[in-house]
Amino acid sequence: MTTQPVTILLAEDDDGHAQLVQRNLERAGLLNGFLRVRDGQELLDCLASRGDSHQQTLDEALVILLDINMPRIDGVEALRQIKANPATHRIPVIMLTTTDDPREIDRCYELGCNVYITKPVEYDGFIDAIRRLGLFLQIVQRPRNGSS
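Just so you know, these numbers come straight off a predicted model, no measurement behind them.

Visitor: Mind showing me how you'd approach the sheet that holds strand β3 (residues 62-66) here?
Guide: Pairing between the strands of a sheet is mediated by backbone hydrogen bonds and can be parallel or antiparallel. Spatially, the 5 strands line up as an open sheet ordered β2-β1-β3-β4-β5, and their pairing is parallel. On the outer flanks of this sheet lie β2 (34-37) and β5 (115-118), each paired with one strand and no other. Neighbour to neighbour, the strand axes of the sheet diverge by 20° on average, direction disregarded.

See the structure below:
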């Protein structure tokens with residue numbers, strides 16, 4: 001089976017979580033592009049600059065991993081703006097957060113997130129969840145981001 005190249009765009013303000021996510025996605029076999037931003041505003045700016053020379057990888061298959069609790073613009077507001085924008089609404093967004101409030105989960109799905117994953121608090125559970133996510137991302141079919 002041939003896997004589609006995918007660029008992971010991680011919006012995560014916690015350096016430790018970001019390193020664990022990247023390392024374990026790579027261990028799961030996702031060795032394609034990986035970009036990290038530290039808050040929702042940086043994520044939106046990054047998406048707005050797609051096509052710039054240093055952002056060329058964002059024109060390929062893209063999946064956003066989005067934390068909720070971040071400074072400046074939180075993940076829920078970033079999700080709302082991504083899904084409301086015709087240029088970005090087809091990009092798959094996976095919420096990856098410690099927030100397990102059912103109202104927050106419902107809200108994210110209502111706004112258009114594709115998958116909601118709660119980060120396990122314990123280290124081993126977190127690593128296992130990320131590896132499973134990596135395996136999932138290898139086999140899932142994604143829309144081409146340039147199409148509407």
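Continuing now.
Visitor: It is not clear to me how the state of the cysteines should be interpreted in this structure. Could you clarify?
Guide: Put plainly, a disulfide is one covalent bond tying together the sulfur atoms of two cysteines. As enumerated under the stated definition, the model contains 0 disulfides in all. Cysteine 113 provides the cysteine sulfur closest to cysteine 108, a residue in no disulfide bond, and the two sulfurs are 5.3 Å apart. Judged by its relative accessible area of 0%, cysteine 108 is buried.

Visitor: What is the right way to read helix α2 (residues 40-48) from this model?
Guide: An α-helix turns once every 3.6 residues. As a result, residues three or four positions apart point the same way. Burial in α2 covers these residues: Gly40, Leu43, Leu44, Cys46 and Leu47. Burial along α2 is one-sided: seen end-on, the buried residues are contained in an arc of 160°. Residues of α2 that are buried make contact with β1 (7-11), β2, β3 and α3 (75-84). Between the side-chain oxygen of the N-cap and the backbone nitrogen of glutamine 41 there are 2.9 Å, and the N-cap of α2 in question is aspartate 39.

Visitor: Even after reading the chapter, I still don't get the packing of α3 against helix α4 (residues 102-111), so can you show me in this structure?
Guide: Two packed helices can be described by the angle between their axes and the distance between those axes. Where α3 meets α4, the axes come as close as 9 Å, and the angle between the chain directions of the two elements is 15°. Between α3 and α4, the angle falls in the class roughly parallel. Every pair of crossing elements has a handedness; the one defined by α3 and α4 is left-handed. When α3 is examined against α4, the residues Val76, Leu79, Arg80 and Lys83 are found in contact with a partner set consisting of Glu104, Arg107, Cys108 and Leu111. Class assignment of the residues belonging to the contact of α3 with α4 gives a composition of 4 nonpolar, no polar and 4 charged.

Visitor: Just checking my understanding: could you explain the nonpolar core for this structure?
Guide: Leu9, Leu43, Leu47, Ile64, Leu66, Met95 and Cys108 are the most contacted members of the largest nonpolar core, which has 23 residues in total. Grouped together as the second largest cluster of nonpolar side chains are 13 residues, Ile8, Leu65, Leu96 and Ile117 included.

About the criteria used
Residues numbered from 1 in each chain as written. Predicted model: local features only at pLDDT ≥ 70, side-chain atom pairs only at ≥ 80, totals over all residues. Heavy atoms only, no water. Pairing = 2+ DSSP bridges. Helix = DSSP H or I, 4+ residues; strand = E, 2+ residues; numbered from the N terminus. Axes fitted to C-alpha atoms, helices over the stretch in contact; angles between N-to-C directions. Disulfide = S-S within 2.5 Å. Buried < 20%, exposed > 50% of the residue type's maximum accessible area, 1.4 Å probe, protein only. Arc of directions from axis to C-beta. Contact = heavy atoms within 4.5 Å. Polar contact = N/O pair within 3.5 Å; in protein donor to acceptor, adjacent residues only side chain to side chain. Parallel < 35°, antiparallel > 145°, perpendicular 65-115°, else oblique. Left-handed = near helix turned anticlockwise from the far one by under 90°. Nonpolar A, V, L, I, M, F, W, Y, C, P; charged D, E, K, R; others polar. Core = buried A, V, L, I, M, F, W, Y, C linked by side-chain atoms within 4.5 Å.

None of this, on its own, says anything about what the molecule does.
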